[in-house]
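Below are the chains, spelled out letter by letter.
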Amino acid sequence: MPLNIDFRSDTVTRPTPAMLEAMFTAKVGDDVFGEDPSIIALEQKAAQLFGMEAGLFCPSGTMTNQIAIKVHTQPGDEVICDALSHIYLYEGGGIAFNSSASVRLLQGNRGRITAQQVLSAINPTDIHKPQSTLVSLENTSNRGGGSCYQVDEIEAIKNICEAHQLKLHLDGARLFNALVATKEKPTTYGLLFDSISICLSKGLGTPVGSVLLGTQSFIQKAKRVRKVFGGGMRQAGYLAAAGIYALDHHINRLAQDHAHAKLIAECLQKKDFVGEIMPVETNIIIFEVKGRLTPMQFAELMEKQHIKVMPISPTQVRMVLHLDIHPSMVQLTIDAINDL
Ligand SMILES: *Cc1c(COP(=O)(O)O)cnc(C)c1O
């Protein structure tokens, strides 16, 4: 079988033999009855890691985000977020569909908004205006090229939310990438947010799953919403066991993905068909392809070398580093780019 080097997303990883072993040997039960020991262990482990009260294992990051929005809002309320947010762009209109909530989009800097922007987007108490009840941040920002927030900006946003009685949610699909890149502690984030969604199936390399974190009472409500959304699972402890394994073994190695992303970006920078490269802070490279190649043509040429990349706009390509991209593959990719 020819080598398959897939940079389209960090969701394409397959479980490692050691992760599969952990899954095979998992103890399971019916989680809708609250009887799956592996799921309970994963939820407790994730909550403890962030210093939060409780966790809820869900099939996807879309579901954890959408449950959080549903619990934090009432129909007609307004959610404040960056215009590039996954919750707005890539969750099928779920904010309207699931929560009947309105959205206030802010033009941030590579997916990150400021406390000042949040403050000016909060509606006054006025029956004409939707009630602002929730701010949602994304860290790292996917469409922002894996950009990371500075903690003091999040603190400033938190203070504004508290002063105006808004809840603060974090779409932390790639929060572990941010934590590794900035060397911050998970508990810092646990203190700042009312709810956090973390994905296990992105950089951490499990086949399925996300965990929603918050207070006991928030998670109680979230569990009800998960059931309504059809996300109550039975013997899913096999999947939770992969999550536990990933939290134990796959966090620190993210630094390697970040180093690989920088190496590939350095190579791209020298090519005449590459324009602006968004600053590479973590495992995502978003770059402009122009002149003698279009993003589609670049993708096709790479595909001939069994390397998959993703055109994400008429002018941009995205490459994402992950667990299944080994150092030798990074070198092959650099050689292939140099040959173009
Ligand atoms: C991948 C992702 C999610 C969740 O996606 P699912 O495919 O539903 O697990 C949420 N937010 C961001 C920023 C993501 O990249």
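Residues numbered from 1 in each chain as written. Predicted model: local features only at pLDDT ≥ 70, side-chain atom pairs only at ≥ 80, totals over all residues. Heavy atoms only, no water.

1. Remarks on the side chain of aspartate 77
Positionally, aspartate 77 belongs in the loop between helix H3 (61–72) and strand S3 (78–82). Look at aspartate 77: it is buried, it has no salt bridge, and the nearest opposite charge is lysine 70 at 10 Å. Within the structure, the side chain of aspartate 77 is placed 3.1 Å from the side chain of threonine 133, a separation counted as a polar contact. The contact partners of aspartate 77, leaving out residues within four places of it in the chain, are Ala101, Ser102, Gln131 and Thr133. (Helix = DSSP H or I, 4+ residues; strand = E, 2+ residues; numbered from the N terminus. Buried < 20%, exposed > 50% of the residue type's maximum accessible area, 1.4 Å probe, protein only. Lys, Arg positive; Asp, Glu negative; His and termini not counted. Salt bridge = Lys/Arg side-chain N within 4 Å of Asp/Glu carboxyl O. Polar contact = N/O pair within 3.5 Å; in protein donor to acceptor, adjacent residues only side chain to side chain. Contact = heavy atoms within 4.5 Å.)

2. Describing a nonpolar patch on the surface
Taken together, the side chains of Leu84, Tyr88, Leu89, Tyr90 and Leu105 make up a nonpolar region of the molecular surface, amounting to roughly 410 Å² of accessible area. By secondary structure assignment, the location of tyrosine 88 is in helix H4 (residues 86–89). (Patch = residues over 30% accessible without salt bridge, like charges linked within 9 Å, V, L, I, M, F, W, Y side chains within 5 Å. Areas by Shrake-Rupley, 256 points an atom, 1.4 Å probe, with all protein chains shown as cover.)

3. What about the pattern of salt bridges?
Inspection of the entire model under this criterion finds 11 salt bridges. Aspartate 31 is the partner of arginine 226 in a salt bridge, and the nearest nitrogen-oxygen pair spans 3.5 Å. Remark: aspartate 31 occurs in the loop between helix H1 (17–24) and helix H2 (37–50) and arginine 226 occurs in helix H10 (residues 216–228); sequence separation between them is 195 residues. A single salt-bridge network, built from bridges that share partners, covers Arg110, Arg112 and Glu281.

4. A few points about the pairing of strand S5 (residues 132–138)
The element S5 is largely enclosed, with a buried count of 7 among its 7 residues. Here S3 runs beside S5; their pairing, made up of 3 bridges, is parallel. Across the sheet, residue valine 79 finds its bridge partner in S5, namely leucine 134. As paired elements, S5 and strand S6 (residues 167–172) share 5 bridges and run parallel to each other. Among the inter-strand pairings, glutamate 138 is bridged to a residue of S6, identified as aspartate 171. In this region the chain leaves S5, passes through helix H7 (residues 151–163) and returns to the parallel neighbour S6; the handedness of that crossover is right-handed. (Pairing = 2+ DSSP bridges. Right-handed = clockwise from strand over helix to strand, strands pointing away.)

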